[in-house]
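Here is what each chain is made of, one letter per residue.
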Amino acid sequence: MNFGFFYFQVMLKVGLTGGIGSGKSTVARIFEVLGIPVYYADEAAKQIMNSDKRLKAALIKNFGEQTYQSGQLNRAWLASIVFADNQKLELLNSLTHPATIRDANKWIQQQTSPYIIKEAALLFESGANKYLDYIVGVSAPEDLRIQRAMQRDHVKKEEILQRMSRQMDEEAKMKLCNSILINDEQQLLVPQVLKLHQRFLTIS
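Residues numbered from 1 in each chain as written. Predicted model: local features only at pLDDT ≥ 70, side-chain atom pairs only at ≥ 80, totals over all residues. Heavy atoms only, no water.

A.B. asks: Explanation requested: the layout of surface pockets in the structure shown.
C.D. replies: By rolling a water-sized probe across the atoms, one finds the places where empty space is left. Approximately 1600 Å³ is the volume attributed to the largest pocket. Take the lining of the largest pocket: its biggest share by element is nine residues, from helix 5 (residues 86-109). Across the lining of the largest pocket, the residue classes tally to 19 nonpolar, 14 polar and 15 charged. (1 Å grid on protein atoms, 1.4 Å probe; cavity = no way out; pocket = protein on both sides within 12 Å on 5 of 7 lines; lining within 4 Å. Points joined across faces, edges and corners; volume = space filled by probe spheres on them. Helix = DSSP H or I, 4+ residues; strand = E, 2+ residues; numbered from the N terminus. Nonpolar A, V, L, I, M, F, W, Y, C, P; charged D, E, K, R; others polar.)

Put into structure tokens, the structure is as follows:
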């Protein structure tokens, strides 16, 4: 890959993605320990849905007044609607993704580190990858991902499988990444991250 164009940019923008239970949040925290700022898109989206007036108006228009209670997003109610209807889930994503991308780009402009990390489960699905220079994927065997997600969220296997079915195929997602970190509890993860960190420092 030719990195020549990075020299014309102020900062290297790195995307970090992976499926449910892959361990991308763990990888993100390692980058934070190394002093690299991380934008957590999924967490940011939850806050934006409560703070972005334009987004709130759009959600109420499309999903009804019950979307908010006392000015706060009624997550359980909205989830019960969109997770039962793929078209409504796509509509929700089409409203929230642009707002999150705007917020992330604003955050990036405020950073001064050699490079930044944007962690997002739906990096390709949302189109956020178009605003980034380099994409890192975190990969793990499906059985291990399911086990991790069940333990983390205290839910049954069926629910995790249902969530996975709504995401891009893991193999297809990894093929779109520039680098892949293997988080299978067999290979050491920290050395893999350190190697990428040094590479990013060199090209940023």
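A.B. asks: Looking at this model, I keep getting lost on helix 6 (residues 142-153). Mind explaining?
C.D. replies: In an α-helix, one full turn covers 3.6 residues, which means residues spaced three or four apart are oriented alike. End to end, helix 6 covers 16 Å across twelve residues, agreeing with the expected 16 Å (1.5 Å per residue, within 8%). Among the residues of helix 6, those classed as buried are L144, R145, I146, R148 and A149. Those residues of helix 6 that are buried lie in contact with helix 7 (157-165) and helix 8 (170-175). Count one or two residues on from helix 6 and you reach H154, which has phi positive near 55°. (Expected span 1.5 Å × (residues − 1). Buried < 20%, exposed > 50% of the residue type's maximum accessible area, 1.4 Å probe, protein only. Contact = heavy atoms within 4.5 Å.)

A.B. asks: Explain the packing of aromatic side chains here, please?
C.D. replies: Remark: the centre distance and the inter-plane angle together describe each pair of aromatic rings, the angle taken between the planes. The tally for this structure, following the rule as stated, stands at four aromatic pairs. Arranged with centres 5.1 Å apart and planes meeting at 75°, the rings of Y134 and F200 form a pair that is edge-to-face. Of this pair, Y134 sits in strand 6 (residues 134-139) while F200 sits in helix 9 (residues 189-203), and the two are 66 residues apart along the sequence. The class for Y134 is buried, based on a relative accessible area of 1%. When its relative accessible area of 0% is taken as the criterion, F200 is described as buried. (Phe/Tyr/Trp six-rings, centres within 6.5 Å; stacked < 30°, edge-to-face > 60°.)

A.B. asks: Explanation requested: the environment of L12 in the structure shown.
C.D. replies: For L12, the location among the structural elements is in strand 1 (residues 12-17). Look at L12 and you get buried, because its relative accessible area is 2%. Linking L12 and A84, residues 72 residues apart in sequence, is a C-alpha distance of 39 Å.

A.B. asks: Which parts of the structure should I look at to understand the packing of helix 6 against helix 7?
C.D. replies: In helix packing, the relevant descriptors are the interaxial angle and the interaxial distance, both defined with respect to the helix axes. It is the contact of helix 6 with helix 7, at a shortest axis distance of 9 Å, that shows an interaxial angle of 115°. Two packed elements cross with a definite hand, and for helix 6 against helix 7 that hand is right-handed. Residues E142, R145, I146, A149, M150, R152 and D153 of helix 6 pack against K157, I160, L161, R163 and M164 of helix 7. Across the contact of helix 6 with helix 7, the residue classes break down as six nonpolar, no polar and six charged. (Axes fitted to C-alpha atoms, helices over the stretch in contact; angles between N-to-C directions. Left-handed = near helix turned anticlockwise from the far one by under 90°.)

The values are spatial; any link to function lies outside them.
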